[in-house]
Amino acid sequence: MKKQVRKAVFPVGGLGTRFLPATKALPKEMLPVVDKPLIQYAVEEAAASGIEEFIFVTGRGKHAIEDHFDVPYELNQTLSERGKKNIIDALGNWMPRPGQIAYTRQMEPLGLGHAVWCARNYVGNEPFAVLLADDLVMSQEPCLKQMIDVFEEAQGNVVAVMDVARDHTDRYGILEVKHDDGGKLVQVSGLVEKPKPEDAPSTLSVIGRYILQSEVFDHLDGQQVGAGGEIQLTDALAAMVGSQPFCGLRFEGTRFDCGDKIGFFEANIAFAISRDDIGEAVRKVLTDYV
Ligand code: UTP
């Protein structure tokens with residue numbers, strides 16, 4: 001029987017040091033693009049892709065994320081007294097239902113691989129998705145849905161990839177591929193975390209969207225420290241190459257690296273100008289400045 005992807009893990013335990021001082025008391029994943037926190041975009045993308053269970057790996061100072069995925073009783077009461085039922089509906093109608101969300105704490109931010117490993121008992125023995133909220137994708141069809149469509153045929157590991165400039169390979173996890181004809185799908189033969197441009201096996205970078213087999217936890221059990229002194233997810237993925245089908249999907253859409261100031265700023269512009277309510281006004285403001 002073909003397996004389905006029902007669960008998604010959201011690692012939100014990182015320190016977000018590139019956004020200090022904003023992230024001193026506010027989780028990076030709660031930074032808004034226009035008027036919506038990054039983590040809400042990721043959860044909406046997962047829900048629109050058919051995900052039924054949402055697992056957050058949090059850390060110290062991340063309470064605002066749990067509060068965001070809860071009913072704001074006092075706010076709803078006030079809005080209701082003011083006759084603003086439409087706002088109450090907009091605040092709640094996208095939310096997962098009670099019992100669909102689980103939280104676990106990473107305790108120490110030892111790296112993305114470690115964060116994913118912390119979700120092992122919630123995921124169990126089934127394929128699952130991982131979404132990094134700071135990678136925001138603007139697309140017609142949700143990026144994760146595009147990946148799930150590939151998974152339904154391939155039944156292995158699927159990572160979303162995009163072509164980057166060779167002198168940027170040391171910022172990303174980079175694929176080694178058997179053969180690349182420039183099409184939508186590539187067969188993965190290896191992965192390297194942040195290789196120097198001269199050592200990079202390709203210029204295909206993995207973005208923060210993964211569909212993984214539960215065997216990844218066996219590889220993460222070793223808690224092996226990799227690039228940057230962190231337990232890297234990329235190393236565990238590389239260890240699975242060869243034993244399972246593994247493909248990269250050149251997804252359709254635009255990815256914004258919202259963990260970086262310029263990427264975050266660009267996302268705000270792109271999402272703002274695409275909005276019916278404020279798009280025109282924002283274009284005018286930008287034109288006036290430039
Ligand atoms: P980043 O690599 O952007 O790291 O994490 P970071 O610590 O959040 O940010 P900087 O580099 O200090 O500015 C990518 C995603 O992985 C999560 C982060 O919360 C973010 O969503 N992450 C990272 C964890 O959950 N745990 C970790 O130990 C590291």
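Summarised in this report is the structure supplied together with it. (Residues numbered from 1 in each chain as written. Predicted model: local features only at pLDDT ≥ 70, side-chain atom pairs only at ≥ 80, totals over all residues. Heavy atoms only, no water.)

Here we come to the pairing of strand E12 (residues 246-250). Where burial is concerned, most of E12 is hidden: five out of the five residues are buried. Pairing between strand E8 (residues 157-163) and E12: five bridges, direction parallel. Looking at the pairing, Asn157 lines up with Phe246 of E12. Strand direction decides the pairing type here: strand E10 (residues 185-193) and E12, joined by three bridges, are antiparallel. If you follow Val186 over to E12, its bridge partner there is Gly248. (Buried < 20%, exposed > 50% of the residue type's maximum accessible area, 1.4 Å probe, protein only. Helix = DSSP H or I, 4+ residues; strand = E, 2+ residues; numbered from the N terminus. Pairing = 2+ DSSP bridges.)

With that settled, consider the site of the ligand. The ligand sits among 17 residues. The nearest are Gly13, Thr17, Glu29, Gln106 and Gly111. The separation between an oxygen atom of the ligand and a polar main-chain atom of Pro11 is 3.0 Å. Between the ligand and Gly13, the relevant distance is 2.7 Å, taken from an oxygen atom to a main-chain nitrogen or oxygen of the residue. Within the complex, the protein chains bury 83% of what would otherwise be the 570 Å² of accessible surface of the ligand. When each cavity is represented as a set of grid points, the ligand is found to reside in the largest pocket. Its residues assigned to classes, the shell around the ligand shows seven nonpolar, six polar and four charged. (Near = heavy atom within 4 Å. Polar contact = N/O pair within 3.5 Å; in protein donor to acceptor, adjacent residues only side chain to side chain. Areas by Shrake-Rupley, 256 points an atom, 1.4 Å probe, with all protein chains shown as cover. 1 Å grid on protein atoms, 1.4 Å probe; cavity = no way out; pocket = protein on both sides within 12 Å on 5 of 7 lines; lining within 4 Å. Sits in = over half its atoms within 2 Å of the grid points. Nonpolar A, V, L, I, M, F, W, Y, C, P; charged D, E, K, R; others polar.)

If you walk through the whole model with that rule in mind, you get zero disulfides. With no disulfide partner, Cys143 has as its closest neighbouring cysteine sulfur the one in Cys247, 13 Å distant. Residue class for Cys143 comes out buried when judged on its relative accessible area of 0%. The thiol of Cys258 is not disulfide-bonded; the next cysteine sulfur, from Cys143, is found 14 Å away. (Disulfide = S-S within 2.5 Å.)

In terms of nonpolar packing, the biggest core is built from 46 residues, with Phe10, Val33, Ile39, Ile51, Phe56 and Leu144 touching the most fellow members. Sequence-distant contacts of Phe10, that is, excluding residues within four places in its chain, are made with Ile39, Ala42, Val43, Ala46, Phe54, Ile55, Phe56, Val57 and Leu131. With 33 residues, the next largest nonpolar core counts Val57, Val123, Val216 and Ile231 among its residues. (Core = buried A, V, L, I, M, F, W, Y, C linked by side-chain atoms within 4.5 Å. Contact = heavy atoms within 4.5 Å.)

For the structure shown, the criterion picks out 18 salt bridges. In this structure, Glu53 and Arg6 form a salt bridge, with 3.4 Å as the shortest nitrogen-oxygen distance. Note that Glu53 is positioned in strand E4 (residues 53-58) and Arg6 in the segment before strand E1 (7-11), a separation of 47 residues in sequence. Under the relative-accessibility criterion, Glu53 is labelled partly exposed at 28%. In this structure, Arg250 engages Asp163 in a salt bridge whose closest nitrogen and oxygen atoms are separated by 2.9 Å. On the criterion of sequence distance, the pair formed by Arg250 in strand E12 and Asp163 in strand E8 is long-range, its members being 87 residues apart. On the basis of relative accessible area, Asp163 is assigned to the partly exposed category, the value being 44%. (Salt bridge = Lys/Arg side-chain N within 4 Å of Asp/Glu carboxyl O.)

Scope: geometric values only; no functional claims are made or implied.
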